[in-house]
Amino acid sequence: MGLLVLGHGAGGGVDAPDLVTAHDSALRQRWAVARVTQPYRVLGRRSPAPAPRLDAAWVTVVNAARRRRGLTRVPVVLGGRSSGARVACRTAQSLGAVGVLALAFPLRPPGRPQSERSSELREAGVPVLVVQGDRDAFGSSADITALQLTDTEIVGVSDADHSLRRASAINAVSGAVGRWLPQFSQ
């Protein structure tokens, strides 16, 4: 048992198909799961707050959820899709996470290769599972594999884009989370 905390993408919500699938897969592993909506989305805004504010809100919510639910002594895995995966990577060490689940990690904005974000994956400081489409405009599974990251498992999804909405992507998320998460169970 443990706690999986999931965050949404920049313009989306916690009901994204890949997040729901990760949630359901973790529940089947007997993990507690929290899907977190960032404050800017609660306020109805579409554009995310700056990274330091996203991270601070995330840390506050994760710590509060662990305390309220009596889960301070179980392993915690942080995760999310796109922007939520970035937040999870940046806060993993400070929250004492044992792993990060990154769904559709946005390696770089489309058309802006100079704005690469691989440092966030490299500096997570814990094992990372990346589930990435091979047609993701923010960076394909091949792009992430080429980074040769240590302590990172990459599951490439054929013919999937950034949304990870296709049935093949949903199946890949379910299978990957089901295989990967048990290693952290208490």
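Below, the structure is looked at part by part. (Residues numbered from 1 in each chain as written. Predicted model: local features only at pLDDT ≥ 70, side-chain atom pairs only at ≥ 80, totals over all residues. Heavy atoms only, no water.)

Here's the deal with the overall build of the chain
Looking only at helices and strands, one finds seven helices and six strands in the chain. Its C-alpha radius of gyration of 15 Å places the chain within 12% of the 16 Å reference for a compact globule of 186 residues. Each principal axis of the C-alpha atoms in the chain carries an extent, and together these give about 45 × 35 × 30 Å. By the burial criterion, 51% of the 186 residues in the chain qualify as buried. Pairs at least 24 apart in sequence give 67% of the contacts found in the chain among residues at least 6 apart. Accessible surface, the chain as shown: approximately 8,600 Å² in total, 48% of it carbon and sulfur. (Helix = DSSP H or I, 4+ residues; strand = E, 2+ residues; numbered from the N terminus. Rg over C-alpha atoms; globule rule 2.2 N^0.38 Å. Buried < 20%, exposed > 50% of the residue type's maximum accessible area, 1.4 Å probe, protein only. Contact = heavy atoms within 4.5 Å. Areas by Shrake-Rupley, 256 points an atom, 1.4 Å probe, with all protein chains shown as cover.)

Considering helix α1 (residues 17–28)
Relative to the 16 Å expected for 12 residues at 1.5 Å per residue, α1 spans 17 Å between its end C-alpha atoms, a close match to the ideal helical length. Here α1 has its buried residues at D18, L19, T21, A22, H23, S25 and A26. R30 lies just past α1 and shows a positive phi near 70°. (Expected span 1.5 Å × (residues − 1).)

Notes on the nonpolar core
By size, the foremost hydrophobic cluster in this structure holds 31 residues, and its most contacted members are V5, W58, L78, F105 and L121. Within the residue set of this core, elements represented by two or more residues are β1 (3–7), α3 (51–68), β3 (76–81), α4 (83–91), β4 (99–103) and β5 (128–133). Sort the elements by how many residues they give to this core and α4 lands first, with four residues. Residue contacts for L78: discarding those within four places in its chain leaves V5, W58, V62, A88, T91, A92, L95, A97, G99, V100 and L101. (Core = buried A, V, L, I, M, F, W, Y, C linked by side-chain atoms within 4.5 Å.)

Let's talk about the pattern of salt bridges
As enumerated under the stated definition, the model contains eight salt bridges in all. Two residues, R35 and D15, come together in a salt bridge whose shortest N-O distance is 3.2 Å. Of this pair, R35 sits in strand β2 (residues 32–36) while D15 sits in the loop between β1 and α1, placing them 20 residues apart in sequence. By relative accessible area, R35 is classed as partly exposed at 31%. According to the relative accessible area criterion, D15 is exposed, its value standing at 60%. For E120, the salt bridge goes to R86, with nearest N and O atoms at 2.7 Å. In this pair, E120 is assigned in helix α5 (residues 118–122) and R86 in helix α4, connecting sequence segments 34 residues apart. (Salt bridge = Lys/Arg side-chain N within 4 Å of Asp/Glu carboxyl O.)

Focus: the packing of α1 against helix α7 (residues 167–180)
Two numbers describe how α1 lies on α7: the axes approach to 9 Å, and their chain directions differ by 35°. Seen along the crossing, α1 lies across α7 with a hand that is right-handed. Counted together, P17, D18, T21, A22, S25, A26 and R28 of α1 and I170, V173, S174, V177 and G178 of α7 form the full contact between these two elements. The class makeup of the residues in the contact of α1 with α7 is six nonpolar, four polar and two charged. (Axes fitted to C-alpha atoms, helices over the stretch in contact; angles between N-to-C directions. Left-handed = near helix turned anticlockwise from the far one by under 90°. Nonpolar A, V, L, I, M, F, W, Y, C, P; charged D, E, K, R; others polar.)

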